[in-house]
Structures are given as structure tokens and as C-alpha cells.
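# Summary of the model geometry
Here is what each chain is made of, one letter per residue.
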Amino acid sequence: AQRVTQPEKLLSVFKGAPVELKCNYSYSGSPELFWYVQYSRQRLQLLLRHISRESIKGFTADLNKGETSFHLKKPFAQEEDSAMYYCALKTNTGTASKLTFGTGTRLQVTL
Amino acid sequence: EAEVAQSPRYKITEKSQAVAFWCDPISGHATLYWYRQILGQGPELLVQFQDESVVDDSQLPKDRFSAERLKGVDSTLKIQPAELGDSAMYLCASSLFRGGFYGYTFGSGTRLTVV
């Protein structure tokens, strides 16, 4: 069965410091991974997807199949980055697709 | 920007009562999902629809939960009877076929408190 692990419940960093939110997955098939973010009082929204290899709001994430990881990184944290971050693994079976989420990491950026 | 609509935003109900949540997905999104998010955990899939058909309800507690999407558009999730452990955020999401390129779009959720 698929599983997503986010080992840190809370990550607190100073403004301007680098950020790395860890995500490891377990899946026997070809993984498709996402990062979702939830800002205070807002809905869960897509931040980035590994297949796009894009940088959104300065965040990047590289899929490492050898280490089964998809860590989220940003070189310089900003106050507005404070939010809840969820790593998610999408699996497809027949006509269905399913997102399996990790437990989330709260990023707190302080001055 | 198109949104997934959910109502109500908050619901407080007594144990053993019935409760229902409503979701209207983004127009054109054939796939609709109901997720449950217990405090401190990530969202967990309860049920998935492709148009009006259920394609995955393996995690739905069918003795008390039911879901329908009669015309393949909006959907209702019902709990009867509610139990204290059902207190959680219930999230609806929609997507193009099999998640599409843009992944899922989530609604704001319904926060259920069972007392």
C-alpha cells in the first residue's frame, strides 16, 4: 500500500533562512508527487507537482526515486511562507486516481 | 477563478443525529472526491465518483456513511447516526479525469463537531 511520511510536525525558521520540508513515500509503482499548501483560513491548494519541475513562490522539489523522497526547498524563507504544507502521492488504478497525503508540516517563519 | 463550493462551513450536531454535507464541483470536472481530515492529520479519501458512479469507496464506513452524486454534478455526503469520532473537517475536491495535469481543486470544507 502507498504511504507518505512527513517526519516533522513543526518547522520553525528565521526569515531569510533556508527551508527544507521533508517528504518520503512508499509506493511500488511509478510515483506522481505533489506539494499542497494551506495558508491560515484558506483552502488547501496545489503548490507544485514534480512532473512540471517548476518553481512556485521560490519553492522547488526534486523527486529522488533512489531515496524515495520529494523534499520541498526554498533558499530564503519569507514571513508569508508560514502555512501548513502537505506532501501527496497520486496513484492511478483503472478509471480512478487517489491522492494519499502525509500528516503535514507547519512552517513557521519568524523575524 | 472557478471554485469548489461546499456547505455548510460549520456544523454542530448531537451524537446519534443525522448530518449531511453538500458539494458543487468545478464545472466540467467529472471526478469528485470526499476527504476527511481529522485534527493533526492529513486528508484521507472517503469516496470517489466518476460522473455519477462510485469508483472507490473502500475507506467509507458504510454502516453509517453514504454518498451520492445523482446527476453527476453536485454531491451529498451523509452520516447517520453521527458519533463523537466523526468530528473532523470534511473536504470535497474535484478534478479532470484521473486528476488531470493540475491535480485536485479543494473546497473550503465543512467542519463537523459532534457533541
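None of these values were measured; they are calculated from a predicted model. (Residues numbered from 1 in each chain as written. Chains lettered and ligands numbered in written order. Predicted model: local features only at pLDDT ≥ 70, side-chain atom pairs only at ≥ 80, totals over all residues. Heavy atoms only, no water.)

### Description of the overall build of chain A
Stated formally: Helix numbers and strand numbers start at the N terminus; a helix is a DSSP run of H or I with at least 4 residues, a strand a run of E with at least 2. Values of the radius of gyration come from C-alpha atoms, whereas the globule rule sets the reference at 2.2 Å times the count of residues to the power 0.38. Working definition: with a 1.4 Å probe on protein chains only, accessible area under 20% of the residue-type maximum means buried, over 50% means exposed, and in between means partly exposed. Any pair of residues with heavy atoms lying within 4.5 Å of one another is described as a contacting pair. All accessible areas in this document rest on Shrake-Rupley with a 1.4 Å probe, and a residue is counted as covered only by the protein chains that are shown. Working convention for charge: Lys and Arg count positive, Asp and Glu count negative, and His plus the chain ends are omitted. Each charge is placed at NZ for Lys, CZ for Arg, CG for Asp and CD for Glu.
The number of helices and strands found in chain A is 0 helices and 11 strands. Since a compact globule built from 111 residues should have a radius of gyration of about 13 Å, the 14 Å found for chain A is in line with a globular shape. Relative to its 111 residues, chain A shows a buried fraction of 44%. Long-range pairs, those at least 24 residues apart, make up 57% of the contacts in chain A between residues at least 6 apart in sequence. Element-wise, carbon and sulfur atoms account for 49% of the exposed surface of chain A, whose accessible area totals about 5600 Å². For chain A, the distance from the average site of its 15 positive side-chain charges to the average site of its 9 negative ones is 7 Å.

### With respect to the interface of chain A and chain B
This is how the line gets drawn: A 1.4 Å probe defines the accessible area here, and the buried area is the portion of it lost by two parts on being joined, summed over both. We define a salt bridge as a contact between a side-chain nitrogen of Lys or Arg and a carboxyl oxygen of Asp or Glu at a distance within 4 Å. Two N or O atoms count as a polar contact when they lie within 3.5 Å, although within protein this holds only if one can serve as hydrogen donor and the other as acceptor, and sequence-adjacent residues are included solely when both atoms are side-chain atoms. Any residue outside Ala, Val, Leu, Ile, Met, Phe, Trp, Tyr, Cys, Pro, Asp, Glu, Lys and Arg is labelled polar, Gly included; the first ten of those are nonpolar and the last four are charged.
Contacts between the two partners involve 21 residues from chain A and, on the opposite side, 25 residues from chain B. Each partner contributes to the roughly 2000 Å² buried at the junction of chain A and chain B, and carbon and sulfur atoms together form 48% of this total. One salt bridge in this structure joins A:Arg43 and B:Glu3, with 3.4 Å as the shortest N-O distance. At the junction of chain A with chain B, the criterion picks out 12 residue pairs in polar contact (both at pLDDT 80 or more). Among the secondary structure elements, those contributing two or more residues to the side of chain A that touches chain B are strand 5 (32-38), strand 6 (45-49), strand 9 (83-93) and strand 10 (96-101) of chain A. With 5 residues, the single largest contributor to the side of chain A that touches chain B is strand 10 of chain A. Per-class residue counts for the side of chain A that touches chain B are 9 nonpolar, 7 polar and 5 charged.

### Section: the sheet that holds strand 3 (residues 19-21) of chain A
All names here are of chain A. The condition that has to hold: For two strands to pair, DSSP has to find at least two bridges joining them.
Read across the open sheet, the 3 strands follow the order 3-8-7; overall the sheet is antiparallel. Both edges of this open sheet fall to strand 3 and strand 7 (60-61), since each of them pairs with a single strand only. For strand 3 and strand 8 (residues 72-74), the ladder comprises 3 bridges, and the chain directions are antiparallel. Bridged to valine 19 within strand 8 is lysine 74.

### Let's talk about the state of the cysteines
We apply this condition: By convention in this document, the label disulfide applies to cysteine sulfur atom pairs within 2.5 Å.
Inspection of every chain in the model, using the stated rule, returns 2 disulfides over all chains. Each disulfide pairs two cysteine sulfurs, and for A:Cys23 the partner residue is A:Cys87, the sulfurs being separated by 2.0 Å. Sign of the S-S torsion, about -65° for the bond between A:Cys23 and A:Cys87, identifies this disulfide as left-handed. Residue A:Cys23 is found in the loop between strand 3 and strand 4 (24-26), and its partner A:Cys87 is found in strand 9; the two are separated by 64 residues along the sequence. For A:Cys23, a relative accessible area of 0% puts it in the buried group. Bridging B:Cys23 to B:Cys92, the disulfide has an S-S length of 1.9 Å. Sign of the S-S torsion, about -70° for the bond between B:Cys23 and B:Cys92, identifies this disulfide as left-handed. Taken together, the residues span a long stretch of sequence, with B:Cys23 in strand 3 (residues 19-24) and B:Cys92 in strand 9 (residues 88-95) at a distance of 69 residues. Accessibility classification places B:Cys23 together with B:Cys92 in one group, the buried group.

### Some points on the environment of A:Ile56
Residue and element names in this part refer to chain A. You can see isoleucine 56 is positioned in the loop between strand 6 and strand 7. It is 9.8 Å that separates the C-alpha atoms of isoleucine 56 and lysine 74, two residues lying 18 residues apart in sequence. Ignoring anything within four residues of it in the chain, the contact list for isoleucine 56 reads Leu47 and Leu48.

### Focus on the sheet that holds strand 8 (residues 75-79) of chain B
Residue and element names in this part refer to chain B. Rule in force here: Under this scheme, a helix contributes an axis fitted over its contacting stretch, all axes are lines through C-alpha atoms, and angles between N-to-C directions fall in the 0 to 180 degree range.
The strand order across the open sheet built from 4 strands is 1-3-8-7, with neighbouring strands paired in antiparallel fashion. Every other strand in the sheet has two partners, leaving strand 1 (5-7) and strand 7 (65-68) as the edge strands with one partner each. Direction aside, the axes of adjacent strands within the sheet are offset by 15° on average. Pairing analysis gives 5 bridges linking strand 3 to strand 8, with the strands arranged antiparallel. Pairing of cysteine 23 across the sheet is with serine 75, part of strand 8.

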